[in-house]
Amino acid sequence: MATSFQSALQNLRETKVWKSIFRRGPANTNRTRSLAIFGNLFLHWMPVKVREKSLRMRASYYLGSISFILFIVLFVTGIFLMFYYHPAAPNAYRDMKDLQFVVSNGVFLRNLHRLAAHLMVFAVFWHMFHVFYRGGYKPPHEFNWVVGVLLLLVTLFLSYTGYLLPWDQLAFWAVTVGTNIISAMPFIGHKVRFLLLGGNIVGENALLRFYVLHIVILPLFAFVLIGIHFWRVQKDGGLTVKPKDEDGKE
Amino acid sequence: MPAEEMGKVTDRMRFVFAVSSLIFLAVLAISPFKDYRREWKQYKRSYLRFAQGRPDTKRLTADYSPDIDQIWLPGMNLVDRCTTCHQGITQASLADKSVPEPFRVHPPIPHNVREWGCTICHRGQGPATEVAEAHESTLAWEQPVLPTHFIQASCGTCHQSDLPQTPQLARGRQLLAELNCQGCHKMQGIDRPAMLGPDLSSIGTKVSREWIYKWLKEPRTIVDKDGNVTVNGYETQEEPRMPKFRLTETEIRALTAFLSVQKARPFAPYKISPAVVATWSKNPELISQGELRFRQMFCSTCHSLAVTRAGETKLIGGDIAPELTKVGSKVNPGWLIAWLRDPQAYLPHTRMPRYGWSDEDLYKVTQYVTTKLVDSDLLSGVPKLDAPADAEIQLGHRLFAEKGCASCHVIEGLNPQKDFGPDLSALGGKNASELEFGTAKIPHNLVSYIQAKLEDPVSVNPAARMPQYTWNQADLDAVTTALLSMKGAPATSALQNLVVPRKEASFRATGSFAEVYERYKCYTCHKFNGYGGDLAPDLTYEGSRAQRQWLVEFLKSPQTLRPTLILRMPQFNMSDKDAATLADYLSMVMQHPAVNPAGVDAKQFTPAMATLGKQLYEVKYQCQSCHTIGGSGGYVGPNLNNAGGWLTPAWIEAWLKNPQALVPDSMEPRRNFTDEEIKALTAYLMTLRAGIQPQKTASNTRALAWGHGAGK
């Protein structure tokens, strides 16, 4: 049984279709196995070898993975929420109410998105502190540290732009205060604020801009940066920082 | 875990994985389970069970669907899902009290629920599908369902004119106007009365400083049988309009000082002929004669007196003008004589008519007022007040504006502060979070706030400048209703289109009529083209109804009126010229378009027709069950003793054809008389003559609405 399954798989891998997709035939040698990994967009993020130590809980507390899983949860629930949401006044707030009053499991859906967002901010921060105290910003990880910092900023912007979307009093005033802080920037503050809000007040234009930022621009940035981040983890030699690195010697 | 075991799957790990997977699944299942148990789904299922237990199941469940029901009116920006649970709202068979809520039918109203939705009247959160969210004030919703007791407020939000179905609202609006709330607050749709509080420009000539002191301390003078200063509980709706201000002793002294020097228009003293004084001053009948004249002139049509009978004090008389129980202790006697002779000289806009007085009557009545309508204890609590000092007058001058006195009372050269009180035109739509409750221990909702503020303004705001009013519960609720109806400008144009504006009544008297009309203040009681009071008959079509000669006689001597009425037309002692001017104007101008007084010639009536008419009157139609002729008959309709001298034949004919076409709210039944019968009845009525016997009296004795009534 097992043999026939394996031979069927073997035959499958010999087919033209398989080869056209994976650019490789059967991975029957170490070289072809390595090439299969390198030649695959998703698998090439993965290390060829993993140290058992780096899989330990204490090595990372899986904070990066937790952040990523939360991001996926947010991505999926966010798409569902988009089915029910209009970025316009007064529909936006009414759509929130409809999620509560009409949509089946709407409260669950929205709370999942909201809680996952809070948790993600929390997890990303913890991840950053953890990496910082473990000295993870030191060579050869400097570049990935910078990417990580950018990811933290993207996470915060996602959280902030999402905060306006319910279009309630909390959202309105949080964004009013936040954008007023921006306008305190010297020289360009008011221009930046105008650009962000699409006007001088938190109105329908601001809602639309925040919506586009929240569902298109920032997630795109996040995906690209996450890709680079994961890839560089492996390129920089795995996620654990070796004890000898902690002395500053290479 | 030792390093060599890393990567190996142990039984313990399998167990932990299995258990955590199950917990995870269970957690995920909570949401669908809660979804199934949602409140509205339970109400849906219970309605189905309820309907199946009734004989008319088929009709009750014809529109049933297990989903959310909603009334969606995009133009009004309204989504009401109330009918999801209130499923029997249009089922007439569910009217019985035994039908459990929320399935009972809506009581009949002029609007179709399906076309108007629910929250437009009841408020609450229409899109909500949970009981608490829909009805109450919650974290994210502050417009709870309006208590049914105040539901008329919702009628008033669109219907800015009064409806017969909303007496509570109408009373509230009337009170807002009457109490001159407009003096301090901005409000829409409430008339500002022409005369607010009395003009105080010359108050120093009218009353003493002591009396002002007493009045500011307690603006009521009548004491009930327990010695309490109150007017509530008397058989009258009247309440002194002056509220009680919270004033310190210094403030009262300052205000009395300031007011007692207001003598802008000193009255010209009038000396009653010494011959009259000599004849009457020794006459023991003087006072009782004065009282008789007071009654005969029907002063009590407008003024009331407190009368104590069998231990119960009642105010008897009209409530258009101040009650006069203790007026003898209030006013300066010289002022009183001058006032009675020419009220407009003291107050140009007063509604008090200018009577034609003989010295004899004037002497008798003023003697009666100053000796009988007095209370020697009235000023007993007042300390000795010296001549006002300049500093006191200055302070009083400032306080008069600061305390809001100037918002109601005119003093020449003193302007009221602008926007003295908050704008109330959108009060009825306010959220509880927009209101200041202070330390008051009351529920935090709009209705409680309004009532607490009205009952005791200081309870919600210790710094309130609003004075203290005295309410009975019905009036408090009425004013609350009127305030709740003011929700500001409608939010959408569709809602704007629903507003039924008030009909602006206007009537401009012209020529020599205007002068007489102003002098006798006819509009205080009578309506002209919709403008004026509603105490006495509407005179809009009086020219079509009454014969000119009858009008002249009536105006000169309106003494024989229906005995069952307390409020009657005063005896003005009108001159022939004035009576002729009024009668001419009424018969020329106040015409009904469909009635031509000259259109029916009285000469065409023959005695035979009159005989037939008499028969029809007495036998066929039995008019005597409501009307009186020659001392027998009913009192529902007017006395017809003098119908032939009073009414025009054209009016009688038009009236018999269709009384409601002439007076829409008339009680006269519409009988389908034939043309011949109408001619015969008119002929008969035109034969009825009984000297000068004016018959038609107030068909409507409702208290006069200040707001709709007098003034300019």
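Residues numbered from 1 in each chain as written. Chains lettered and ligands numbered in written order. Predicted model: local features only at pLDDT ≥ 70, side-chain atom pairs only at ≥ 80, totals over all residues. Heavy atoms only, no water.

Caption draft 1: Structural view of the overall build of chain A. The secondary structure content of chain A amounts to 12 helices and 0 strands. Element order for chain A, N to C, with α for helix and β for strand: α-α-α-α-α-α-α-α-α-α-α-α. Against the globule reference of 18 Å for 250 residues, chain A gives a C-alpha radius of gyration of 23 Å, more extended than a compact globule. A principal-axis box enclosing the C-alpha atoms of chain A has dimensions of 65 × 50 × 30 Å. Every one of the 250 residues in chain A was classed for burial, and the buried ones make up 30%. Of the roughly 16,000 Å² that chain A leaves accessible, carbon and sulfur atoms contribute 70%. Of the side-chain charges in chain A, 26 are positive and 12 negative, and the distance between the mean point of each set is 6 Å. (Helix = DSSP H or I, 4+ residues; strand = E, 2+ residues; numbered from the N terminus. Rg over C-alpha atoms; globule rule 2.2 N^0.38 Å. Buried < 20%, exposed > 50% of the residue type's maximum accessible area, 1.4 Å probe, protein only. Areas by Shrake-Rupley, 256 points an atom, 1.4 Å probe, with all protein chains shown as cover. Lys, Arg positive; Asp, Glu negative; His and termini not counted. Charge placed at Lys NZ, Arg CZ, Asp CG, Glu CD.)

Caption draft 2: Looking closely at the packing of helix 27 (residues 607-620) of chain B against helix 31 (residues 675-686) of chain B. Residues and elements named next belong to chain B. Across the interface, helix 27 lies against helix 31 with an axial gap of 7 Å and an inter-helix angle of 100°. Here helix 27 is positioned roughly perpendicular relative to helix 31, judged by the angle of their axes. Between helix 27 and helix 31, the contacting residues are M609, A610, L612, G613, K614, L616, Y617, E618 and K620 on the first element and E677, K679, A680, L681, A683 and Y684 on the second. (Axes fitted to C-alpha atoms, helices over the stretch in contact; angles between N-to-C directions. Parallel < 35°, antiparallel > 145°, perpendicular 65-115°, else oblique. Contact = heavy atoms within 4.5 Å.)

Caption draft 3: View of helix 11 (residues 249-260) of chain B. Residue and element names in this part refer to chain B. Helix length check: helix 11, at 12 residues, gives a terminal C-alpha distance of 16 Å against a target of 16 Å (1.5 Å per residue), a fit within 8%. Of all 12 residues in helix 11, 9 are buried; the element is thus mostly enclosed. Every buried residue of helix 11 is listed here: E251, I252, A254, L255, T256, A257, F258, L259 and S260. (Expected span 1.5 Å × (residues − 1).)

Caption draft 4: Looking closely at the nonpolar core. All names here are of chain B. Within the largest apolar cluster, 110 residues are counted, with the highest numbers of intra-cluster contacts made by L259, F400, F507, F513, Y517, F528 and L640. Among the elements that make up this core, the one with the highest residue count is helix 31 (7 residues). Two domains each put at least three residues into this core: domain 4 (203-372) and domain 5 (511-686). (Core = buried A, V, L, I, M, F, W, Y, C linked by side-chain atoms within 4.5 Å. Domains from an automatic or database assignment.)

Caption draft 5: Inspection of the packing of aromatic side chains at higher detail. The tally for this structure, following the rule as stated, stands at 35 aromatic pairs over all chains. Taken together, a centroid distance of 5.1 Å and an interplanar angle of 75° make the contact between F71(A) and F223(A) edge-to-face. Of this pair, F71(A) sits in helix 5 (residues 63-82) while F223(A) is found in helix 11 (residues 204-235), placing the two residues 152 residues apart along the sequence. Residue classification places F71(A) among the buried residues on the basis of a relative accessible area of 6%. Among the aromatic residues, those joined into a ring-pair cluster are F132(A), Y133(A), Y137(A) and W145(A). Across the ring face of Y36(B), the terminal group of R45(B) is positioned such that the distance to the ring centre comes to 4.5 Å. Its end group placed over the ring of Y270(B), R341(B) keeps NZ or CZ at 3.7 Å from the ring centre. (Phe/Tyr/Trp six-rings, centres within 6.5 Å; stacked < 30°, edge-to-face > 60°. Lys NZ or Arg CZ within 6 Å of the ring centre and 35° of its normal.)

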